[in-house]
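# Understanding the architecture of this molecule
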Amino acid sequence: MKRIFYIAKYEMKMLFKTKEVLFWNIAFPIILMLLFTAIFGGGNTIVINVGIYDQDNTQISNTIIDIFNQTNVTNIVLIQNNETLYQKLSQHELDAYIIIPKGLGRNVTSGYQAILNIYIDNSDPNIADISKGIIKSIIDGFNNKTRGIYEKFIEGVGNFNKTMIEHMRAYAETLKPLFKPVKGTEKVEYKEFILTGIIGYGFLFSSMVTATASIVNERKEGTLKRLLLTPLKPIEILVGKTFSALFNTLIYTFLVLAIGIPLLQPKIHLNIPDLIIIVVLGSLSGIVIGLLISAIFRTTEGAQGFAIIIGIFLQWFIGIWFPLEMLPSYLRSLSNYIPMTYALNVVREILLYGDSIIMHIQETIYLTLFVIILYGIGGIILSRLLKTIEV
Amino acid sequence: MKALEVINVSKSYNGSKVLDNVTLSIDEGEIFGLLGPNGAGKTTLIEIVLGFRRRDSGTIKIFGREISSREFNKKIIGYVPQEHLLYDNLSGLDNLRYFAGLYGVKTSEFKKRLNKIINFLGIDENILKKDVSKLSGGQRRRVALATSLIHDPKIMIMDEPTTGLDPNVRREFWKLIMSLNEEGKTIILTTHYMEEADELCSRIAIIDNGKILSIGTPEELKKKYGGEESLILRIKTRYLDNAMELLSNYQPEKVSEDEIKLSGLNEEYIPKIRNLLENKGIWVDKFEVRKPSLDDVFINLTGRRLISE
Ligand SMILES: Nc1ncnc2c1ncn2[C@@H]1O[C@H](COP(=O)(O)OP(=O)(O)O)[C@@H](O)[C@H]1O
Ligand SMILES: [Mg+2]
């Protein structure tokens, strides 16, 4: 047991002293994440269709509609009743709709803050992101104008008592937008999607490729000979290497979250214990595949190259960069055979929708069985390898 | 007690014999040298003994116990490989800690052994803190030696322990190896350096093309295959032909423009020959007694020189 600790410890030490490893394992995926968010998560040249259902019909509500009409990035569709609203929604003609509730005008004129309910169609995370941004900036513009009026008013009139000023200040933040998803389209935004995808990327590279490399390098440098002369059993080598690749992946996951959360400000449910369980399972399924690759190939170059190619290939099939629904169905069925697909999916369910691991007991059991069976096979293959391959 | 017995071991790669019926036995406490040119099969033999390579046939016994074809001879053997086989991007100290940990050496015991080993090998503590990749050849060799000593093995196997080292560093290593031997360790080393085998080893096996040509102490080998002693005279070129005539009774041999070799003679003949020549006005600049070397042994056994740089 102690010897396993020694392998894991010094393996990690070497890993983190290698700058290339740090770059490819940690910096590179994070750069990719930011790059993809920049490319697909932003953009503002699109005109969005906004439905406005004015239930208030006051001068204030008309002003709000006017403001939306004046901007050239929104195409306003006035909606008269619930039937037209549902019809347009079901045909995906609206990217968002705003309901101006009865009484909003009265609230605003009497100095109370008025809440504006804004519903966003989330079927396309990119468009949803854009719609939200545009609507928010229009409302901010409206609020800024009213704040201007308020400040002039204070200047001109002078001395007011405190409660009066508070009252006025509320008036300055007249409209408070409340964004909600249109029912049935509660899809995530791209930044949340990609942040969780990058965690799945770790199953391939921080886990699988790292595990292959940890054996391949020993063979290449000849240090495996030294290990074999110590009282280590092959199984201890296997477990030691597993632990170091696993810690590597956990550290990677932690760094992705530590960097991704402040940078992207995603809306996620940080259920750490459940997240750790599923990341460990996803990582172990990557590691055991990586170890098997290192044991099956006779040449070190073959093993290393194969692991990297498999990693590069699989990243398109486990749902890292885009939702698997976008794959044609014959490719999607391939995804179903990859354990990391399930692990990443559960990662998303936990982080994005606040699920617990218990709700995904089936995937968890499937992953656990996969890991156990492959370690069994891996143990046999590795000890055979050490007996047949001239190290 | 025999530390190691190798009996009729053969090994082929792609149909060509790399080891051909090798048989040798090594006593406990020896410094045993496998001497042979590059490609002779030294490393192959050693790695078969260690269990890294399979043998095609033959038997290997360590301290009398027969070893199966693919059994790593843990704990009893310390191995200093031809390439250093340390973890390059760990410090020397981490390498030592790591291997000690894998051998199950306890922390307190490790400290004691470490102190002893680094004193013994003359390793500076600062060197141990550096990454192995930043060390010089000699320093790496010492650290590699230290890691193979950390579990206090009974047999040390060293594959070309001084290849690539400066001549003076090489001599220091010889001293180290001898003192390890005095500490009670049986030492098996391979080399292609004549002087190394001659000065260091209690017994030598000469190996060429996978065959053991002869085994014995350096003295025995030289006596048997080294030919006679000879006396070399250095004389000015212009007197050389004259001198050859005067010495005709001794079957002189002209070795170069200013050297004559008299085979079978030793230092006892020097006064006599000096008189003989000086009486005729020929001065001998230098007398040299040439003893047979392992070089001669190798030439006589193989018809080739064993070239070492
Ligand atoms: N793995 C191998 N495959 C094929 N030939 C090999 C292999 N290892 C060694 N040889 C050959 O065996 C011979 C002996 O090599 P080696 O034992 O390394 O010699 P030495 O250590 O005496 O220099 C060489 O001709 C070498 O080319
Ligand atoms: Mg060799």
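Now for a description of the structure that goes with this document. All values derive from a computational prediction rather than experimental measurement. (Residues numbered from 1 in each chain as written. Chains lettered and ligands numbered in written order. Predicted model: local features only at pLDDT ≥ 70, side-chain atom pairs only at ≥ 80, totals over all residues. Heavy atoms only, no water.)

## Section: the site of ligand 1
Residues and elements named next belong to chain B. Near ligand 1 the following residues occur: Tyr13, Val18, Pro37, Asn38, Gly39, Ala40, Gly41, Lys42, Thr43, Thr44 and Arg53. In the environment of ligand 1, an oxygen atom lies 2.9 Å from a nitrogen or oxygen atom belonging to the backbone of Lys42. In this structure, Arg53 approaches ligand 1 through a side-chain N or O atom, which is 3.2 Å from a nitrogen atom. Coverage of ligand 1 by the protein amounts to 60% of the 560 Å² it exposes when considered alone. Top element by residues in the shell around ligand 1 is helix α1 (residues 42-50). It accounts for 3 residues. Each residue belonging to the shell around ligand 1 can be placed in one class, and the counts come to 4 nonpolar, 5 polar and 2 charged. (Near = heavy atom within 4 Å. Polar contact = N/O pair within 3.5 Å; in protein donor to acceptor, adjacent residues only side chain to side chain. Areas by Shrake-Rupley, 256 points an atom, 1.4 Å probe, with all protein chains shown as cover. Helix = DSSP H or I, 4+ residues; strand = E, 2+ residues; numbered from the N terminus. Nonpolar A, V, L, I, M, F, W, Y, C, P; charged D, E, K, R; others polar.)

## Thoughts on the sheet that holds strand β12 (residues 252-256) of chain B
All names here are of chain B. Overall, antiparallel pairing links the 4 strands, which are arranged β12-β13-β11-β14 in an open sheet. Because the sheet does not close on itself, it has two edges, and the strands there are β12 and β14 (284-290). Strand-to-strand twist of the sheet, defined as the mean angle between neighbouring strand axes without regard to direction, takes the value 25 degrees. Bridge analysis of strand β11 (residues 230-235) against strand β13 (residues 259-263) gives 5 bridges, and the strand direction is antiparallel. Of the residues in β13, the one forming a bridge with Arg234 is Glu259. Packed onto the sheet, helix α10 (residues 270-278) meets β11, β13 and β14 and runs at close to 30 degrees relative to β11. (Pairing = 2+ DSSP bridges. Axes fitted to C-alpha atoms, helices over the stretch in contact; angles between N-to-C directions. Contact = heavy atoms within 4.5 Å.)

## Some thoughts on the packing of helix α8 (residues 190-221) of chain A against helix α10 (residues 234-264) of chain A
Residues and elements named next belong to chain A. α10 packs onto α8 with a crossing angle of 155 degrees between their chain directions and a minimal axis gap of 9 Å. With respect to their mutual orientation, α8 and α10 come out roughly antiparallel. When the axes of α8 and α10 are compared, the crossing they make is right-handed. Looking at the contact of α8 with α10, its residues break down into 13 nonpolar, 9 polar and 3 charged. (Parallel < 35°, antiparallel > 145°, perpendicular 65-115°, else oblique. Left-handed = near helix turned anticlockwise from the far one by under 90°.)

## Focus: the packing of aromatic side chains
Taken as a whole, this structure holds 17 aromatic pairs over all chains when the rule is applied. Between Phe313 of chain A and Phe317 of chain A, the ring centres sit 4.9 Å apart and the planes meet at 40 degrees, which makes this aromatic pair tilted. Overall, the relative accessible area of 43% leaves Phe313 of chain A in the partly exposed class. Taking the relative accessible area as the measure of exposure, Phe317 of chain A reaches 8% and is therefore buried. A connected cluster of aromatic rings, assembled from ring pairs, spans Phe5, Tyr6 and Tyr10 of chain A together with Tyr87, Tyr98 and Phe99 of chain B. One Lys or Arg, Arg348 of chain A, reaches over the ring of Phe193 of chain A and ends 3.7 Å from the middle of that ring. Residue placement shows Lys154 of chain B over the ring face of Phe63 of chain B; its charged tip is 4.9 Å from the ring centre. (Phe/Tyr/Trp six-rings, centres within 6.5 Å; stacked < 30°, edge-to-face > 60°. Buried < 20%, exposed > 50% of the residue type's maximum accessible area, 1.4 Å probe, protein only. Lys NZ or Arg CZ within 6 Å of the ring centre and 35° of its normal.)

## Points about the sheet that holds strand β6 (residues 77-80) of chain B
Residues and elements named next belong to chain B. Here we have 6 strands laid out as an open sheet, ordered β6-β7-β8-β3-β9-β10, and mixed in their pairing. With one partner strand each, in any of the chains shown, β6 and β10 (211-216) form the two edges of the open sheet. For this sheet, the mean inter-axis angle between neighbouring strands, taken without regard to orientation, is 15 degrees. Judged from the 4 bridges that link them, strand β3 (residues 31-35) and strand β9 (residues 203-208) form a sheet pairing that is parallel. Residue pairing in the sheet places Leu35 in a bridge with Ile206 of β9. This element, helix α6 (residues 167-182), spans β3, β7 (155-159) and β8 (186-191) of the sheet and lies at about 155 degrees to β8.

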